[in-house]
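# Structural description and commentary
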Amino acid sequence: NHAHDVGVDVLRSASLPLLKRFGIEGEMALQVVRRGAPPSGVGEVVLKLPAVRTLHPLHLTDPGRVKRVRGLAYGSRVSPQILARVVEAARGVLNSYLPDVWVYTDASGGKEAGAGYAVCLVAESTNGVLLAAEATGGGGADPE
């Protein structure tokens, strides 16, 4: 992932469920085969989407109130302790507002992968609206 790009976890956690609300039926999946980070990247994903002819209109007039937050802190060629610090920092902020906060970790590596880490948080509202946010780090940046 790069700070200027939408990460695969945002696409998987927020965008694919949004497509279902547009009336798209069939198998939709985004599988992360291998994670990567700049500058070398080398990440690999598999995206499966059905072919569609039309989309149904979507009216999101009342987003509702946030009821839960789910997230993933992931890293490539970084210490798992950095990911634990990212999770602790995110939960430290969010738990003062919500009791239902879960942030998981995914540490991966590989000699050809770039080094870096990121966190993706998805908030679900009482009306089923998903709000996603992502932050990336690396190159000596503090995880907090």
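We now turn to the structure provided with this report. (Residues numbered from 1 in each chain as written. Predicted model: local features only at pLDDT ≥ 70, side-chain atom pairs only at ≥ 80, totals over all residues. Heavy atoms only, no water.)

## Considering the overall build of the protein chain
- On a plain count of helices and strands, the protein chain comes out with two helices and six strands.
- From first element to last, N terminus to C terminus, the protein chain shows the α and β order α-β-β-β-α-β-β-β.
- Overall size of the protein chain, expressed as C-alpha extent along the three principal axes, is 45 × 40 × 20 Å.
- Within the span of the protein chain, comprising 144 residues, buried residues form 28% of the whole.
- When the accessible surface of the protein chain is totalled, it reaches about 9,000 Å², and 54% of it is carbon and sulfur. (Helix = DSSP H or I, 4+ residues; strand = E, 2+ residues; numbered from the N terminus. Buried < 20%, exposed > 50% of the residue type's maximum accessible area, 1.4 Å probe, protein only. Areas by Shrake-Rupley, 256 points an atom, 1.4 Å probe, with all protein chains shown as cover.)

## A closer look at the side chain of Ser125
- Looking at the element boundaries, Ser125 is found in strand 5 (residues 116–125).
- Ser125 gets classed as buried once you look at its relative accessible area, which sits at 3%.
- Residue contacts for Ser125: discarding those within four places in its chain leaves Pro63, Gly64, Arg65, Val66 and Lys67. (Contact = heavy atoms within 4.5 Å.)

## Describing the sheet that holds strand 5
- Judged by pairing direction, the sheet is mixed, and its four strands sit side by side in the order 4-3-5-6 without closing on themselves. Sheet topology places strand 4 (101–108) and strand 6 (130–137) at the edges, where each strand pairs with a single neighbour. If you compare each strand with its neighbour and ignore which way they point, the axes differ by 15° on average.
- Pairing of strand 3 (residues 66–76) with strand 4 involves eight bridges; the strand directions are parallel. Note on strand 4: the bridge partner recorded for Ala73 is Thr105.
- Each of strand 3, strand 5 and strand 6 touches helix 1 (residues 8–21); the most contacted strand, strand 6, lies at about 170° to it. (Pairing = 2+ DSSP bridges. Axes fitted to C-alpha atoms, helices over the stretch in contact; angles between N-to-C directions.)

## Brief notes about unusual backbone geometry
- Of note, the phi angle at Arg77 is positive, near 60°, even though the residue is not glycine.
- With respect to the element layout, Arg77 can be found in the loop between strand 3 and helix 2 (80–94).

## Considerations on the nonpolar core
- In terms of nonpolar packing, the biggest core is built from 14 residues, with Val69, Ala73, Val101, Val103, Val119 and Leu121 touching the most fellow members.
- Looking at this core, the elements with two or more residues in it are strand 3, helix 2, strand 4 and strand 5.
- When near neighbours in sequence (up to four residues on either side) are disregarded, Val119 contacts Leu72, Ala73, Val86, Val103, Ala133, Glu134 and Ala135. (Core = buried A, V, L, I, M, F, W, Y, C linked by side-chain atoms within 4.5 Å.)

## Looking at the pattern of salt bridges
- With the rule as written, the count across this model stands at eight salt bridges.
- Between Asp100 and Arg70 there is a salt bridge whose closest N-O contact spans 3.1 Å. Taken together, the residues Asp100 in the loop between helix 2 and strand 4 and Arg70 in strand 3 connect sequence positions 30 residues apart.
- Residue Arg70 is classed as partly exposed on the basis of its relative accessible area of 29%.
- Linked through salt bridges whose partners overlap, the residues forming this network are Asp9, Arg12, Arg35 and Asp106. (Salt bridge = Lys/Arg side-chain N within 4 Å of Asp/Glu carboxyl O.)

## Comments concerning the side chain of Asp9
- Mapped onto the elements, Asp9 comes out in helix 1.
- Each residue touching Asp9, except ones within four places of it in the same chain, is listed here: Arg35, Leu72, Tyr74 and Cys120.

## Topic: helix 2
- Counted at 1.5 Å a residue, the expected span for helix 2 with its 15 residues is 21 Å, and the 21 Å between its end C-alpha atoms agrees.
- Looking only at helix 2, the buried set comprises Leu83, Val86, Val87, Ala90 and Leu94. Taken around the axis of helix 2, the buried residues stretch over an arc of 95°, which confines them to a single face. Among the exposed residues of helix 2, those oriented more than 90 degrees off its buried face are Gln81, Glu88 and Gly92.
- Where helix 2 is buried, its residues contact strand 3, strand 4 and strand 5. (Expected span 1.5 Å × (residues − 1). Arc of directions from axis to C-beta.)

Geometric values such as these leave the question of function open.
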